[in-house]
Amino acid sequence: MGKPLLVIGNKNYSSWSLRAWLMLKHAGVDFDELRIPLYVEGYKEKLLACSPAGKVPAYRDGDLLVWDTMAIGEYLYELYPSLWPAQREARARARSVSAEMHSGFIPIRKAMPMNIRAHGRKAATATGLDADIARVKDIWRELRTQYAAAGPWLFGQYSIADAMFAPVVFRFLTYGVGEPGAVGEYMQTVARDPLVQEWVRDSKLEQEVIAASEVGA
Ligand SMILES: N[C@@H](CCC(=O)N[C@@H](CS)C(=O)NCC(=O)O)C(=O)O
(Lines give C-alpha, C1' and ligand atoms only; values in the text may rest on other atoms or scores of the structure.)
Protein backbone atom coordinates (compact mmCIF):
# COMPACT_ATOMS: atom_id res chain seq x y z
CA MET A 1 0.00 0.00 0.00
CA GLY A 2 1.30 3.48 -0.89
CA LYS A 3 1.74 6.35 1.51
CA PRO A 4 -1.27 8.36 2.71
CA LEU A 5 -1.97 11.44 0.58
CA LEU A 6 -2.82 14.96 1.73
CA VAL A 7 -4.45 17.15 -0.89
CA ILE A 8 -3.66 20.82 -0.25
CA GLY A 9 -3.97 24.22 -1.92
CA ASN A 10 -1.38 26.97 -2.34
CA LYS A 11 1.02 26.96 0.58
CA ASN A 12 1.17 30.77 0.64
CA TYR A 13 -2.59 31.15 0.98
CA SER A 14 -4.38 27.99 2.10
CA SER A 15 -4.76 28.22 5.84
CA TRP A 16 -6.85 25.04 6.18
CA SER A 17 -4.24 23.10 4.23
CA LEU A 18 -1.51 24.31 6.59
CA ARG A 19 -3.48 23.15 9.64
CA ALA A 20 -3.92 19.56 8.41
CA TRP A 21 -0.33 19.43 7.13
CA LEU A 22 1.00 20.49 10.56
CA MET A 23 -1.12 17.87 12.35
CA LEU A 24 0.32 15.16 10.12
CA LYS A 25 3.89 16.41 10.37
CA HIS A 26 3.76 16.81 14.14
CA ALA A 27 2.31 13.30 14.43
CA GLY A 28 5.30 12.04 12.42
CA VAL A 29 3.22 10.61 9.55
CA ASP A 30 5.07 9.81 6.32
CA PHE A 31 2.68 11.09 3.62
CA ASP A 32 2.64 12.38 0.06
CA GLU A 33 1.27 15.81 -0.86
CA LEU A 34 -0.83 16.76 -3.85
CA ARG A 35 -0.87 20.54 -4.32
CA ILE A 36 -3.75 21.98 -6.33
CA PRO A 37 -3.39 25.75 -6.95
CA LEU A 38 -6.72 27.36 -6.03
CA TYR A 39 -8.95 29.77 -7.97
CA VAL A 40 -7.34 29.15 -11.37
CA GLU A 41 -9.05 27.69 -14.46
CA GLY A 42 -10.15 24.11 -13.80
CA TYR A 43 -9.15 24.02 -10.13
CA LYS A 44 -12.63 23.03 -8.88
CA GLU A 45 -12.80 19.96 -11.11
CA LYS A 46 -9.41 18.90 -9.78
CA LEU A 47 -10.60 19.36 -6.17
CA LEU A 48 -13.83 17.47 -6.84
CA ALA A 49 -11.84 14.60 -8.33
CA CYS A 50 -10.10 14.30 -4.93
CA SER A 51 -12.94 15.05 -2.52
CA PRO A 52 -16.75 15.29 -2.80
CA ALA A 53 -16.64 18.53 -0.78
CA GLY A 54 -14.51 20.17 -3.48
CA LYS A 55 -12.27 21.77 -0.86
CA VAL A 56 -8.84 21.27 0.63
CA PRO A 57 -7.58 19.70 2.77
CA ALA A 58 -8.59 16.14 2.00
CA TYR A 59 -6.72 13.12 3.31
CA ARG A 60 -6.60 9.69 1.70
CA ASP A 61 -5.38 6.81 3.86
CA GLY A 62 -5.65 3.58 1.88
CA ASP A 63 -9.30 3.24 0.80
CA LEU A 64 -10.43 5.84 3.32
CA LEU A 65 -11.04 9.47 2.41
CA VAL A 66 -11.35 12.03 5.21
CA TRP A 67 -12.10 15.67 4.46
CA ASP A 68 -12.58 18.84 6.46
CA THR A 69 -9.82 19.89 8.84
CA MET A 70 -11.41 18.90 12.15
CA ALA A 71 -12.45 15.48 10.81
CA ILE A 72 -8.87 14.91 9.64
CA GLY A 73 -7.62 16.00 13.08
CA GLU A 74 -9.99 13.64 14.92
CA TYR A 75 -9.07 10.75 12.59
CA LEU A 76 -5.38 11.36 13.22
CA TYR A 77 -6.00 11.61 16.97
CA GLU A 78 -7.37 8.06 16.97
CA LEU A 79 -4.08 6.90 15.46
CA TYR A 80 -1.78 9.35 17.29
CA PRO A 81 -3.40 10.18 20.67
CA SER A 82 -0.72 12.72 21.57
CA LEU A 83 -2.41 15.12 19.11
CA TRP A 84 -4.83 16.17 21.86
CA PRO A 85 -3.77 16.81 25.48
CA ALA A 86 -3.72 13.64 27.60
CA GLN A 87 -5.75 15.11 30.44
CA ARG A 88 -9.54 15.09 29.86
CA GLU A 89 -10.29 18.67 30.97
CA ALA A 90 -7.36 20.05 28.93
CA ARG A 91 -8.51 17.96 25.96
CA ALA A 92 -12.05 19.38 26.22
CA ARG A 93 -10.64 22.89 26.35
CA ALA A 94 -8.30 22.23 23.42
CA ARG A 95 -11.28 20.96 21.42
CA SER A 96 -13.29 24.05 22.43
CA VAL A 97 -10.73 26.61 21.26
CA SER A 98 -10.09 24.57 18.09
CA ALA A 99 -13.82 24.38 17.31
CA GLU A 100 -14.12 28.10 18.03
CA MET A 101 -11.40 28.69 15.43
CA HIS A 102 -12.94 26.27 12.97
CA SER A 103 -16.42 27.78 13.09
CA GLY A 104 -15.71 31.43 13.85
CA PHE A 105 -13.42 34.42 13.54
CA ILE A 106 -15.02 35.36 10.23
CA PRO A 107 -13.94 39.05 10.44
CA ILE A 108 -10.28 37.98 10.87
CA ARG A 109 -10.58 35.50 8.00
CA LYS A 110 -12.08 38.11 5.69
CA ALA A 111 -10.04 41.20 6.55
CA MET A 112 -6.76 39.43 7.28
CA PRO A 113 -6.43 36.43 4.94
CA MET A 114 -3.37 34.23 5.26
CA ASN A 115 -0.71 35.51 2.88
CA ILE A 116 2.63 34.29 4.20
CA ARG A 117 4.86 36.29 1.86
CA ALA A 118 3.13 39.64 2.57
CA HIS A 119 4.33 41.92 5.38
CA GLY A 120 3.58 45.46 6.48
CA ARG A 121 -0.09 45.26 5.43
CA LYS A 122 -2.76 47.25 7.22
CA ALA A 123 -6.15 45.52 7.55
CA ALA A 124 -9.19 47.51 6.47
CA THR A 125 -11.50 48.27 9.38
CA ALA A 126 -14.24 45.65 9.63
CA THR A 127 -17.06 45.10 12.10
CA GLY A 128 -16.00 42.64 14.76
CA LEU A 129 -12.33 42.56 13.74
CA ASP A 130 -10.95 44.18 16.89
CA ALA A 131 -13.08 41.92 19.09
CA ASP A 132 -11.86 38.85 17.18
CA ILE A 133 -8.22 39.89 17.55
CA ALA A 134 -8.72 40.53 21.27
CA ARG A 135 -10.39 37.13 21.68
CA VAL A 136 -7.52 35.28 19.96
CA LYS A 137 -5.00 37.11 22.14
CA ASP A 138 -7.02 36.25 25.25
CA ILE A 139 -7.03 32.55 24.31
CA TRP A 140 -3.29 32.50 23.70
CA ARG A 141 -2.42 34.57 26.81
CA GLU A 142 -4.64 32.52 29.12
CA LEU A 143 -3.46 29.12 27.87
CA ARG A 144 0.21 30.07 27.73
CA THR A 145 0.00 31.42 31.28
CA GLN A 146 -1.71 28.28 32.58
CA TYR A 147 0.48 25.75 30.73
CA ALA A 148 3.80 27.66 30.76
CA ALA A 149 5.55 25.02 32.90
CA ALA A 150 4.48 22.13 30.61
CA GLY A 151 6.12 23.39 27.40
CA PRO A 152 5.97 26.21 24.82
CA TRP A 153 2.70 25.28 23.07
CA LEU A 154 -0.85 26.32 23.96
CA PHE A 155 -1.35 23.26 26.19
CA GLY A 156 2.35 22.77 26.92
CA GLN A 157 2.91 19.91 24.46
CA TYR A 158 2.02 20.35 20.78
CA SER A 159 -1.64 19.66 20.01
CA ILE A 160 -4.20 20.11 17.25
CA ALA A 161 -5.04 23.47 18.87
CA ASP A 162 -1.59 24.78 17.84
CA ALA A 163 -2.15 23.64 14.26
CA MET A 164 -5.56 25.35 14.26
CA PHE A 165 -4.07 28.69 15.31
CA ALA A 166 -0.85 28.57 13.24
CA PRO A 167 -2.37 30.44 10.26
CA VAL A 168 -3.58 33.17 12.63
CA VAL A 169 0.04 33.78 13.60
CA PHE A 170 0.81 34.42 9.92
CA ARG A 171 -2.23 36.70 9.59
CA PHE A 172 -1.03 38.70 12.61
CA LEU A 173 2.52 38.89 11.21
CA THR A 174 1.26 40.07 7.80
CA TYR A 175 -1.05 42.67 9.30
CA GLY A 176 1.22 43.84 12.14
CA VAL A 177 -0.75 42.52 15.10
CA GLY A 178 1.14 41.51 18.22
CA GLU A 179 1.57 42.00 21.93
CA PRO A 180 4.60 41.78 24.20
CA GLY A 181 4.72 38.92 26.68
CA ALA A 182 2.96 35.56 26.38
CA VAL A 183 1.15 36.38 23.10
CA GLY A 184 4.28 37.58 21.30
CA GLU A 185 6.33 34.70 22.65
CA TYR A 186 3.75 32.19 21.44
CA MET A 187 3.81 33.77 17.98
CA GLN A 188 7.60 33.34 17.96
CA THR A 189 7.26 29.70 19.02
CA VAL A 190 4.97 29.04 16.07
CA ALA A 191 7.04 31.03 13.56
CA ARG A 192 10.26 29.25 14.66
CA ASP A 193 8.77 25.74 14.51
CA PRO A 194 11.03 23.92 11.97
CA LEU A 195 7.95 22.35 10.38
CA VAL A 196 6.30 25.76 9.96
CA GLN A 197 9.57 27.00 8.45
CA GLU A 198 9.54 24.11 5.99
CA TRP A 199 6.04 25.15 4.86
CA VAL A 200 7.15 28.81 4.61
CA ARG A 201 10.15 27.83 2.45
CA ASP A 202 7.84 25.96 0.07
CA SER A 203 5.32 28.82 0.03
CA LYS A 204 8.02 31.25 -1.08
CA LEU A 205 8.67 29.15 -4.20
CA GLU A 206 5.08 29.60 -5.37
CA GLN A 207 4.32 32.11 -8.13
CA GLU A 208 0.50 32.22 -8.06
CA VAL A 209 -1.29 35.36 -6.86
CA ILE A 210 -4.82 35.12 -5.42
CA ALA A 211 -6.15 38.68 -5.58
CA ALA A 212 -8.79 38.16 -2.86
CA SER A 213 -6.04 37.29 -0.39
CA GLU A 214 -3.98 40.37 -1.22
CA VAL A 215 -6.29 42.75 0.66
CA GLY A 216 -5.26 45.60 2.97
CA ALA A 217 -3.26 48.73 2.45
N1 LIG B 1 -14.33 23.71 6.64
C2 LIG B 1 -13.29 23.34 5.71
C3 LIG B 1 -12.85 24.58 4.94
C4 LIG B 1 -11.96 24.23 3.79
C5 LIG B 1 -11.75 25.42 2.86
O6 LIG B 1 -12.54 26.38 2.83
N7 LIG B 1 -10.67 25.34 2.06
C8 LIG B 1 -10.40 26.35 1.06
C9 LIG B 1 -8.91 26.66 0.97
S10 LIG B 1 -8.20 27.23 2.47
C11 LIG B 1 -10.81 25.82 -0.30
O12 LIG B 1 -10.75 24.63 -0.56
N13 LIG B 1 -11.19 26.73 -1.20
C14 LIG B 1 -11.53 26.39 -2.55
C15 LIG B 1 -12.98 26.51 -2.83
O16 LIG B 1 -13.78 26.77 -1.90
O17 LIG B 1 -13.35 26.39 -3.99
C18 LIG B 1 -12.14 22.69 6.47
O19 LIG B 1 -12.02 22.92 7.67
O20 LIG B 1 -11.35 21.95 5.87
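Details of the structure are given in the entry above.
Source: prediction; values computed, not measured.

Draft legend 1. Here's a closer look at the overall build of the protein chain. Each helix and strand counted, the protein chain has 9 helices and 4 strands in total. Over its C-alpha trace the protein chain gives a radius of gyration of 17 Å, about what one expects of a compact globule, namely 17 Å for 217 residues. In terms of overall dimensions, the protein chain has a C-alpha envelope of 45 × 45 × 30 Å along the principal axes. Burial analysis of the protein chain (217 residues in total) assigns 50% to the buried set. Of the contacts made within the protein chain by residues no fewer than 6 positions apart, 71% connect residues no fewer than 24 positions apart. Summed over all atoms, the accessible surface of the protein chain reaches about 10,300 Å², with 55% contributed by carbon and sulfur. Computed over 26 positive and 25 negative side-chain charges, the separation of the two mean positions in the protein chain equals 3 Å.

Draft legend 2. Region of interest: the packing of helix α6 (residues 129-146) against helix α8 (residues 182-192). Contact geometry of α6 with α8 gives a least axis separation of 8 Å together with a crossing angle of 90 degrees. It follows from the interaxial angle that α6 and α8 lie roughly perpendicular. Of the residues in α8, those in contact with K137, W140, R141 and R144 of α6 are A182, V183, Y186 and M187. Class assignment for the residues of the contact of α6 with α8 results in 5 nonpolar, no polar and 3 charged.

Draft legend 3. Molecular detail of the site of the ligand. In the vicinity of the ligand lie 13 residues, with Y43, K44, K55, V56 and H102 positioned nearest. The separation between a nitrogen atom of the ligand and a polar main-chain atom of V56 is 2.8 Å. Between the ligand and D68, the relevant distance is 3.0 Å, taken from a nitrogen atom to a side-chain nitrogen or oxygen of the residue. Contributions of two or more residues to the shell around the ligand are made by α1 (15-27) and α2 (43-50). Partitioning the shell around the ligand into residue classes produces 6 nonpolar, 4 polar and 3 charged.

Draft legend 4. Representation of helix α4 (residues 88-103) within the structure. For α4, which comprises 16 residues, the first-to-last C-alpha distance of 22 Å matches the rise-based estimate of 22 Å (1.5 Å per residue) to within 8%. If you check which residues of α4 are buried, you get A90, R91, A94, V97, S98 and M101. Down the axis, α4 shows its buried residues gathered within 135 degrees of arc, on one side only. Relative to its buried face, α4 has exposed residues pointing more than 90 degrees away, namely R88 and S103. Along its buried surface, α4 packs onto α1, α3 (69-79), α5 (106-111), α6 and α7 (160-174).

Draft legend 5. View of the sheet that holds strand β3 (residues 58-61). Read from one edge of the open sheet, 4 strands run β2-β1-β3-β4, paired in mixed fashion. The open sheet is flanked by β2 (32-35) and β4 (64-67), the only strands paired with a single partner. If you compare each strand with its neighbour and ignore which way they point, the axes differ by 20 degrees on average. The pairing of β3 with β4 spans 4 bridges and is classified as antiparallel. By the bridge assignment for β4, D61 is matched with L64. Against the sheet, α1 makes contact with β1 (5-8), β2 and β3, and its axis sits at roughly 160 degrees relative to β1, the strand it touches most.

Draft legend 6. Molecular detail of the pairing of β2. Where β1 and β2 come together, 4 bridges link them in parallel fashion. Across the sheet, the residue bridging to I8 is R35, located in β2.

Conventions adopted
Residues numbered from 1 in each chain as written. Predicted model: local features only at pLDDT ≥ 70, side-chain atom pairs only at ≥ 80, totals over all residues. Heavy atoms only, no water. Helix = DSSP H or I, 4+ residues; strand = E, 2+ residues; numbered from the N terminus. Rg over C-alpha atoms; globule rule 2.2 N^0.38 Å. Buried < 20%, exposed > 50% of the residue type's maximum accessible area, 1.4 Å probe, protein only. Contact = heavy atoms within 4.5 Å. Areas by Shrake-Rupley, 256 points an atom, 1.4 Å probe, with all protein chains shown as cover. Lys, Arg positive; Asp, Glu negative; His and termini not counted. Charge placed at Lys NZ, Arg CZ, Asp CG, Glu CD. Axes fitted to C-alpha atoms, helices over the stretch in contact; angles between N-to-C directions. Parallel < 35°, antiparallel > 145°, perpendicular 65-115°, else oblique. Nonpolar A, V, L, I, M, F, W, Y, C, P; charged D, E, K, R; others polar. Near = heavy atom within 4 Å. Polar contact = N/O pair within 3.5 Å; in protein donor to acceptor, adjacent residues only side chain to side chain. Expected span 1.5 Å × (residues − 1). Arc of directions from axis to C-beta. Pairing = 2+ DSSP bridges.

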